Amino acid sequence: MKFMKLGSKPDSFQTDDNYVWYVASDLATDIIINVGEAKFYLHKFPLLSKSARLQKLVANMNEGSGNGDEIDIPDIPGGLASFELCAKFCYGMTITLNAHNVVNARCAAEYLEMHETMERGNLIYKIDVFLNSSIFRSWKDSIIVLQTTRSMPMSEELKLVSRCIDAIASKVSVDVSRVDWSYTYNRKNLSEETNNHMLNGGIRSVTVPTDWWVEDLAELELDLFKRVLVNIKNKGLVHHEVIGEALKAFASRRLPGFNKGVIPSGDMTRARSVVDTIVGLLPSEKGSVSCGFLLKLLKMAVVVDLGETGKIKLVKKVGQQLEEASVHDLLIRANEGEPTMYDVKMVQKIVEEFMVRDHDPNGEFEVNGNEIQEVRSTGGILTEASKLMVAKLVDSYLAEIAKDPNLPISMFTDLAEKVSGFSRPAHDGIYRAIDMYLKAHPGISKSERKRICRLMDCKKLSVEACMHAVQNERLPMRVVVQVLFFEQVRAAASSGSSTPDLPKAIKDLNSASHGSSRSTTTNTEEDWDTVATAEELRALRSELASLRLERNGGHAKSPLVDNRPVNKVKGLLATKRMLTKIWSNKGGTGENSGSDSSGSLGSGNPDDVKLAASTPARKGRHSVS
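Each value, and the rule that gives it
- Residues numbered from 1 in each chain as written.
- Predicted model: local features only at pLDDT ≥ 70, side-chain atom pairs only at ≥ 80, totals over all residues.
- Heavy atoms only, no water.
- Helix = DSSP H or I, 4+ residues; strand = E, 2+ residues; numbered from the N terminus.
- Buried < 20%, exposed > 50% of the residue type's maximum accessible area, 1.4 Å probe, protein only.
- Contact = heavy atoms within 4.5 Å.
- Areas by Shrake-Rupley, 256 points an atom, 1.4 Å probe, with all protein chains shown as cover.
- Phe/Tyr/Trp six-rings, centres within 6.5 Å; stacked < 30°, edge-to-face > 60°.
- Core = buried A, V, L, I, M, F, W, Y, C linked by side-chain atoms within 4.5 Å.
- Expected span 1.5 Å × (residues − 1).
- Arc of directions from axis to C-beta.
- Pairing = 2+ DSSP bridges.
- Salt bridge = Lys/Arg side-chain N within 4 Å of Asp/Glu carboxyl O.
- pLDDT = per-residue confidence, 0-100.
- Axes fitted to C-alpha atoms, helices over the stretch in contact; angles between N-to-C directions.
- Parallel < 35°, antiparallel > 145°, perpendicular 65-115°, else oblique.
- Left-handed = near helix turned anticlockwise from the far one by under 90°.
- Nonpolar A, V, L, I, M, F, W, Y, C, P; charged D, E, K, R; others polar.
- Polar contact = N/O pair within 3.5 Å; in protein donor to acceptor, adjacent residues only side chain to side chain.
- Disulfide = S-S within 2.5 Å.

Caption draft 1: Layout of the overall build of the protein chain. A count of helical and extended segments in the protein chain gives 28 helices and 11 strands. Taking all 625 residues of the protein chain together, 49% fall into the buried category. In the protein chain, once contacts between residues fewer than 6 apart in sequence are set aside, the share between residues at least 24 apart is 73%. When the accessible area of the protein chain is evaluated, it comes to approximately 30,800 Å², of which 50% is carbon and sulfur surface.

Structure, rendered in structure tokens:
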């Protein structure tokens, strides 16, 4: 820490511990100065020779407007300590100026009007020399001095605050190769930075990290931090990612529960101001801060009830780099009083902002006074890789929120449909989310169950997902049949066949197109939307096993089980409508054709299949919900 000593005489100020100060001298004191509760018994000559204000007060006292030999200066900046320092300077006693007391001393000297017109080399002049030659050239001292200005309003009038801020911003803006002063740095990447070193004359030279200054600035109070950072940004010499690091350090320092999304009790107003300031200081460039940090900031914005403008700004910024997010980051708690556990609507807005990038690659602009500023520049149309990452992210997010028993099916499907157009090779993620929702909401209707299952494309399930689905008693019968069918298509393709050998029950399905359809279509849509029982699932798997045996040259053996589930399954498989939906290359469009369309697998021409109409129609319907 820099310091400056003034004066040469020994300190002869004494006190009796009752707020009474006097100078040990053979000369009797001739003036009493009251500073608050303290009384100073001093001599007029050394004081009046350097202080114009004291001269005026003594003159007024002599004219009879004062109280004898006693004057009051209750409002001197810095109070008792500052006046004592100025008085000792007047007596020529040794005083020490440093970063902690120089602002108070400068303001007190201004109050006492200790200018050069009173005496050459007066206190104001010497303090200004110390500030310019030492304090403002020292990084640590500049930070300390700036902090002390908060308790000294006069420092703003004397431009001490602005000069200090400019000194700090100038040091931040220099090239890191010129940083040769001490600074605080305890960040995680310190070890990585210090690995880049070289030996110069046998002395290790450590590379200075680009964000060397952010921790020291995080110690500043909110208003000062904001002014310093704005000054740094205006100079335009610091990369936007380093500005982002400063905001992250400040958030961690000033919001103790930031990483956990909680606010200590009683700090709500202060926390709201901190969040609002950080949001306002976020650089406009994409990638200045991580998506995880933005989402944590958004969670805090919800907790402190930040205004809509701030939330919208954060939603847009998160949408610009949504592919970087994690599921945990997206789990934003809903406001108190909301029926759902998480704020799904906000995530929907984020996804919508992500999709805007695909339609508005030229960015957005806003007018600020006479200046046009770019507020969004995405840099081009979304890549397929970004879409795939976001689609997987949404699938995983849906699997998490599906556990909420109060989550409406409309919220689930609306969010899922927003990414339904994003091509992805596997639908295991959305299948897992659907299964989670069905498990947490067993009471949903058949139509709702059908609606949610449309989100999944059965032919894009992995082998593991297919194995799970064919044993899943929560899925409608149509979905289980589709899964079995596409699994058989996959098996046929792997064996070299162009089209799979279909079971007779499925082949018989086409006979209805040349005969009376009334006899083979008595099974309604509700039969297919019925949840399959365990026996029916076993029957379906038995049919598949029989098919595999026949294809491999073996003979299927009829299992000794109840034939009623088997008959139901065969009856369902004989429905003309199901064949049209399962085995037609004309049904379904888009990425997610849903559970009602199978794409273009197999032959789409009914003439390629032999006609038969031997499957009896069911007279009743047995459903298990």
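Caption draft 2: Region of the structure containing the packing of aromatic side chains. Going through the model one piece at a time under the given rule, you end up with 12 aromatic pairs. Judged by centre distance (5.8 Å) and plane angle (80°), the rings of phenylalanine 13 and tyrosine 91 are edge-to-face. With phenylalanine 13 in strand 2 (residues 13-15) and tyrosine 91 in helix 3 (residues 79-91), this residue pair connects regions lying 78 residues apart in the sequence. Among the residues examined, phenylalanine 13 registers a relative accessible area of 10% and is labelled buried. Under the relative-accessibility criterion, tyrosine 91 is labelled buried at 13%.

Caption draft 3: Seen up close, the nonpolar core. Core analysis: the biggest nonpolar cluster contains 166 residues, and Ile33, Leu42 and Trp213 have the highest contact counts within it. No other element matches the nine residues that helix 14 (residues 291-303) contributes to this core. Discounting residues that sit within four places of it in the chain, leucine 42 has contacts with Phe13, Val23, Thr29, Asp30, Ile31, Ile33, Leu47, Phe83, Ala87 and Tyr91.

Caption draft 4: Spotlight on helix 11 (residues 222-235). The end-to-end C-alpha distance of helix 11 is 20 Å, a good match for the 20 Å that 14 residues give at a rise of 1.5 Å each. Every buried residue belonging to helix 11 is among Leu224, Phe225, Val228, Leu229 and Ile232, and all of these are buried. Down the axis of helix 11, the buried side of the element spans an arc of 125°, and every buried residue falls inside it. Where helix 11 ends, the next residue or the one after it, glycine 236, has phi of about 70°, a positive value.

Caption draft 5: Geometry of the pairing of strand 4 (residues 31-35). In terms of burial, strand 4 is largely enclosed, as five of its five residues are buried. Burial along strand 4 is two-sided: Ile31, Ile33 and Val35 and Ile32 and Asn34, pointing in opposite directions, are all buried. As paired strands, strand 4 and strand 5 (residues 38-42) are joined by five bridges and run antiparallel to one another. In the strand pairing of strand 5, isoleucine 32 is matched with tyrosine 41. What sits between the antiparallel neighbours strand 4 and strand 5 is a turn of two residues, in which glycine 36 has the positive phi angle 65°.

Caption draft 6: Spatial organisation of the pattern of salt bridges. Considering all chains together, one arrives at 23 salt bridges under this definition. As a salt-bridge pair, lysine 311 and glutamate 308 come within 4.0 Å of each other at their nearest N and O atoms. On the criterion of helical spacing, the pair formed by lysine 311 and glutamate 308 is a turn pair, its members being three residues apart in helix 15 (residues 308-320). A relative accessible area of 9% means that lysine 311 is categorised as buried. Bridged by salt links that share partners, the residues Asp11, Glu84 and Lys88 form one connected network.

Caption draft 7: Inspection of the confidence of the model for the protein chain at higher detail. Residue-level pLDDT values for the protein chain average 80, and 71% of them are 70 or greater. In the model, residues 363-380 has pLDDT below 50 throughout and makes 29 contacts with residues more than four positions away in sequence or in other chains.

Caption draft 8: Focus on the packing of helix 18 (residues 384-401) against helix 20 (residues 428-440). Interhelical geometry of helix 18 versus helix 20 gives an angle of 15° and a closest axis separation of 8 Å. For the element pair helix 18 / helix 20, the angle class is roughly parallel. Considering how the two elements wind past one another, helix 18 and helix 20 form a crossing that is left-handed. Judged by residue contacts, Asp395, Leu398 and Ala399 of helix 18 engage Gly429, Ile430, Arg432, Ala433 and Met436 from helix 20. Here the contact of helix 18 with helix 20 is built from residues that sort into five nonpolar, one polar and two charged.

Caption draft 9: The arrangement of unusual backbone geometry in detail. Of note, the phi angle at glutamate 113 is positive, near 60°, even though the residue is not glycine. Along the polypeptide, glutamate 113 turns up in the loop between helix 4 (102-111) and helix 5 (123-133). Accessibility expressed as a relative area gives 19% for glutamate 113, which makes it buried.

Caption draft 10: The environment of isoleucine 143, seen in detail. The topology assignment puts isoleucine 143 in helix 6 (residues 139-148). By relative accessible area, isoleucine 143 is classed as buried at 6%. The spacing of isoleucine 143 and isoleucine 165 is 22 residues in sequence and 8.7 Å in space, taken between C-alpha atoms. In contact with isoleucine 143, other than residues within four places in its own chain, are Ile168, Asp216, Leu217 and Leu220.

Caption draft 11: View of the side chain of asparagine 34. Position of asparagine 34 among the secondary structure elements: in strand 4. Look at asparagine 34 and you get buried, because its relative accessible area is 9%. Polar side-chain contacts of asparagine 34 include one of 2.7 Å to the side chain of glutamate 70.

Caption draft 12: Layout of helix 19 (residues 409-418). Within the sequence span of helix 19, burial applies to Ile409, Met411, Phe412, Thr413, Leu415 and Ala416. Against the buried residues of helix 19 lie helix 17 (344-356), helix 18, helix 20 and helix 21 (446-453).

Caption draft 13: Inspection of the state of the cysteines at higher detail. Counted by the stated rule, this structure contains zero disulfides. Cysteine 453 takes part in no disulfide bond, and the closest cysteine sulfur to it belongs to cysteine 458, at a distance of 8.0 Å. Cysteine 453 gets classed as buried once you look at its relative accessible area, which sits at 1%. As a non-bridged cysteine, cysteine 458 has cysteine 466 as the owner of its nearest cysteine sulfur, 7.9 Å distant. By relative accessible area, cysteine 458 is classed as buried at 2%.

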